[in-house]
Amino acid sequence: MKTLIINIKQLVQAENTPRPWVAGKDMSRLGVIENAWLLVEDDKIASFGEMKDLDTEAIYSGGEIVKEIDATGRLVVPSYCDSHTHLVYAGSREIEYIDKIRGLSYEEIAKRGGGILNSAERIRKASEEELFDAAYDRIQEIAGFGTGAVEIKSGYGLDTESELKMLRVIRRLKQETPLLIKSTFLGAHAVPAEYKGRQTEYVDLIINEMIPMVAAEELADYIDVFCDKGFFTVEDTDRMLNAGMKYGMRAKIHANELDYSGGIQVGVKYDALSVDHLEYVGDEEIACLLGSETMPTVLPGAAFFLNMPYSPVRKMIEAGLPVALASDYNPGSSPSGNMKFIMSLGCINYKMLPEEVINATTLNSAYAMGVQDEVGSIAVGKLANFYITTPISGIEYLPYAYTANLIETIFLKGEQY
Ligand code: NIG
Ligand code: FE
């Protein structure tokens, strides 16, 4: 099956030579082909170019049916890659939202048994089927917002059985939805109530029981730890990442959201794929990230929703680092998986340019979830995961019109969604 899209006003993030990520000054450069065409064959991008060079005869010569779409006035944009979510959860937490409005901090809410432990209580009671149905709806929702690849974490189970239950739900989502999904084991999201005051024993449980069982069922691509003030220490993190590494789980960690936690350094030490949140980043952390293979990932939705200090994104980019943006979709700190809004927050709150937020939510976030060879740009051989916009003026309009969806047609793995 072939689909030929013609008269594309702007073909965005088109690459002749695919790059794993873009950093520093390159983040403000974006490959855009004006007045372009794009050919999809089966589930992949087959070729693309400028309209003036389109050889329709060659495309139609095989006698195969070619579906043609006229995209006059419209942009074709690679689907967002959302490299950090917790979208498998039971119930919402709007009560805490009210607590926050009344002035309680994230840490205070967590101390009162709210926060992650609140979600853990609910997830333990929910069936796998219930969790799947709710998460499936959220996947549909984010697909409609233009997301084509998503990383999903466990971390609301906090006991072996419930963590495995969450990861099995993610496995089913991988099988039953057209999105490209990666799963991350996050047993170390919080110390569960029954282990209060016995944090080291809980870390031992993760290392000796959970990680081996998760690995035995091949349920997780990656391992995550919430390495921060009031949660897990650098020493805990070191032990868990070391154990995960032995089972082939590369690290993607929560770091430096609440303080200069040392999370970035321990992440880089273990060659983490990404370190995420990064509200607290100084010269030392930047120096540590430079030259590493670890993608600094900022979660503007959580900082916005919790009124946290903003990560020094400009400073990181000016130092030559790459930056990825992700939604952190979860019921506590970021109850939204709308990556387009994340782009707008990137522009408004972090002073990123439209080109930079597009790079940060496609190419760089694809790298941050290990799928840069398959998605994240318009490149020959990559999966045909992209969307066609409504008629708009150009790429700048995407983050500017911050609540409009602006999506007319979605392609996932070569099929119209
Ligand atoms: O990424 N920071 C840690 N974990 C989540 C919050 C999860 C929750 O509050 O339920 C986050 O923001
Ligand atoms: Fe998170």
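First things first, this report covers the structure right here in the doc. (Residues numbered from 1 in each chain as written. Chains lettered and ligands numbered in written order. Predicted model: local features only at pLDDT ≥ 70, side-chain atom pairs only at ≥ 80, totals over all residues. Heavy atoms only, no water.)

Vacant regions in the atomic arrangement are exposed by a probe of water-molecule size rolled over the atoms. A complete count under the given rule lists one cavity of 30 Å³ or more for this structure. Here the largest cavity defines a volume of roughly 90 Å³. Lining the largest cavity we find 14 residues, and of these Y106, I116, H189, N330 and S333 sit closest to its centre. (1 Å grid on protein atoms, 1.4 Å probe; cavity = no way out; pocket = protein on both sides within 12 Å on 5 of 7 lines; lining within 4 Å. Points joined across faces, edges and corners; volume = space filled by probe spheres on them.)

In the neighbourhood of ligand 1, 15 residues make up the surrounding shell, with Y156, H189, E257, D328 and S333 lying closest. One nitrogen or oxygen atom from the side chain of E257 is found 2.7 Å from a nitrogen atom belonging to ligand 1. A distance of 2.8 Å is found between an oxygen atom of ligand 1 and a side-chain nitrogen or oxygen belonging to D328. In the complex, the protein chains occlude 100% of the 320 Å² of accessible area that ligand 1 would expose alone. (Near = heavy atom within 4 Å. Polar contact = N/O pair within 3.5 Å; in protein donor to acceptor, adjacent residues only side chain to side chain. Areas by Shrake-Rupley, 256 points an atom, 1.4 Å probe, with all protein chains shown as cover.)

Our next topic: the side chain of R74. Mapped onto the elements of the fold, R74 is located in the loop between β4 (66–70) and β5 (75–78). Here R74 falls in the buried class, since its relative accessible area comes to 19%. (Helix = DSSP H or I, 4+ residues; strand = E, 2+ residues; numbered from the N terminus. Buried < 20%, exposed > 50% of the residue type's maximum accessible area, 1.4 Å probe, protein only.)

Once that is clear, we can look at the nonpolar core. If you look at the biggest cluster of nonpolar residues, it comprises 106 residues, and the most contacted ones within it are L87, V88, L173 and M352. In terms of residue count, the dominant contributor to this core is helix α7 (residues 199–216) (nine residues). Looking at which domains feed residues into this core, each of domain 1 (2–79 + 377–416) and domain 2 (80–368) supplies at least three. Setting aside chain neighbours within four positions, we find L173 in contact with L87, V88, F132, A135, Y136, I139, I152 and I181. (Core = buried A, V, L, I, M, F, W, Y, C linked by side-chain atoms within 4.5 Å. Domains from an automatic or database assignment. Contact = heavy atoms within 4.5 Å.)

This part covers the pattern of salt bridges. Inspection of every chain in the model, using the stated rule, returns 25 salt bridges. When the shortest N-O distance is used, the salt bridge between R29 and D26 registers 2.3 Å. The exposure class of R29 is partly exposed, given its relative accessible area of 49%. Here the salt bridges do not stand alone but share partners, grouping E15, R19 and K382 into one network. (Salt bridge = Lys/Arg side-chain N within 4 Å of Asp/Glu carboxyl O.)

For the rest of this paragraph, the subject is the state of the cysteines. Tallying each qualifying case throughout the model produces zero disulfides. Here C288 stays free of any disulfide, with the sulfur of C227 as its closest cysteine sulfur at 12 Å. Take C288: its relative accessible area is 22%, and that puts it in the partly exposed class. With no disulfide of its own, C347 lies closest to C81 among cysteine sulfurs, the gap being 18 Å. (Disulfide = S-S within 2.5 Å.)

We now examine the coordination of the iron ion (ligand 2). Taken together, the protein ligands of the iron ion (ligand 2) are H84 (NE2), H86 (NE2), H254 (NE2) and D328 (OD), with distances of 2.1 to 2.3 Å. Between consecutive donor residues of the iron ion (ligand 2), the sequence gaps follow H-x1-H-x167-H-x73-D. Pair check on accessibility: H84 and H86 agree, each one buried. (Donors = N, O, S within 2.8 Å, 3.2 Å for Na, K, Ca; no water.)

Relative orientation and spacing of two packed helices are given, respectively, by the angle between their axes and the distance between those axes. Running from amino to carboxyl end, helix α6 (residues 160–176) crosses α7 at an angle of 35°, the nearest separation of the two axes being 10 Å. Helix-helix and strand crossings are classified by hand; for α6 and α7 the assignment is right-handed. Two secondary-structure elements touch here, α6 through T160, E163, L164 and L167 and α7 through L205, E209, M210, M213 and V214. In terms of residue class, the contact of α6 with α7 is built from six nonpolar, one polar and two charged. (Axes fitted to C-alpha atoms, helices over the stretch in contact; angles between N-to-C directions. Left-handed = near helix turned anticlockwise from the far one by under 90°. Nonpolar A, V, L, I, M, F, W, Y, C, P; charged D, E, K, R; others polar.)

With that settled, the discussion passes to the sheet that holds strand β9 (residues 222–227). Pairing within the open sheet is parallel, and its eight strands lie in the order β6-β7-β8-β9-β10-β11-β12-β13. One side of each edge strand has no neighbouring strand; the edge strands of this open sheet are β6 (80–82) and β13 (324–325). Packing of α7 onto the sheet brings it into contact with β8 (180–188) and β9, and relative to β8 it is tilted by some 150°. Contacts between helix α8 (residues 234–246) and the sheet are confined to β8, β9 and β10 (250–255), with β9 contributing the most and set at about 175° to the helix. (Pairing = 2+ DSSP bridges.)

Here we take up the pairing of strand β1 (residues 2–12). Within β1, nine of the eleven residues are buried, which leaves it mostly tucked inside the rest of the structure. Bridge count between β1 and β4: five bridges; the pairing is parallel. Among the inter-strand pairings, K2 is bridged to a residue of β4, identified as V66. In this structure, β1 lies alongside strand β2 (residues 32–41), joined through eight bridges in antiparallel fashion. By the bridge assignment, T3 is partnered in β2 with V40.

Quick look at the environment of E194 now. As for its placement among the helices and strands, E194 is situated in the loop between β8 and α7. Filtering out sequence-adjacent residues up to four positions away, E194 remains in contact with R124 and L158. Within polar-contact distance, the side chain of E194 engages the side chain of R124 at 2.9 Å.

Another aspect to go through is the layout of surface pockets. In this model, the largest pocket occupies a volume close to 490 Å³. Of all the secondary structure elements, the ones that give two or more residues to the lining of the largest pocket are α3 (106–111) and α4 (116–125). Per-element accounting of the lining of the largest pocket gives the leading share, four residues, to α3. In terms of lining, the second largest pocket is formed by 15 residues, of which the most central are L104, S105, Y106, L306 and N307. Mapped onto the lining of the second largest pocket, the elements with two or more residues apiece are α2 (94–101) and α3. The biggest single contributor to the lining of the second largest pocket is α2, with three residues.

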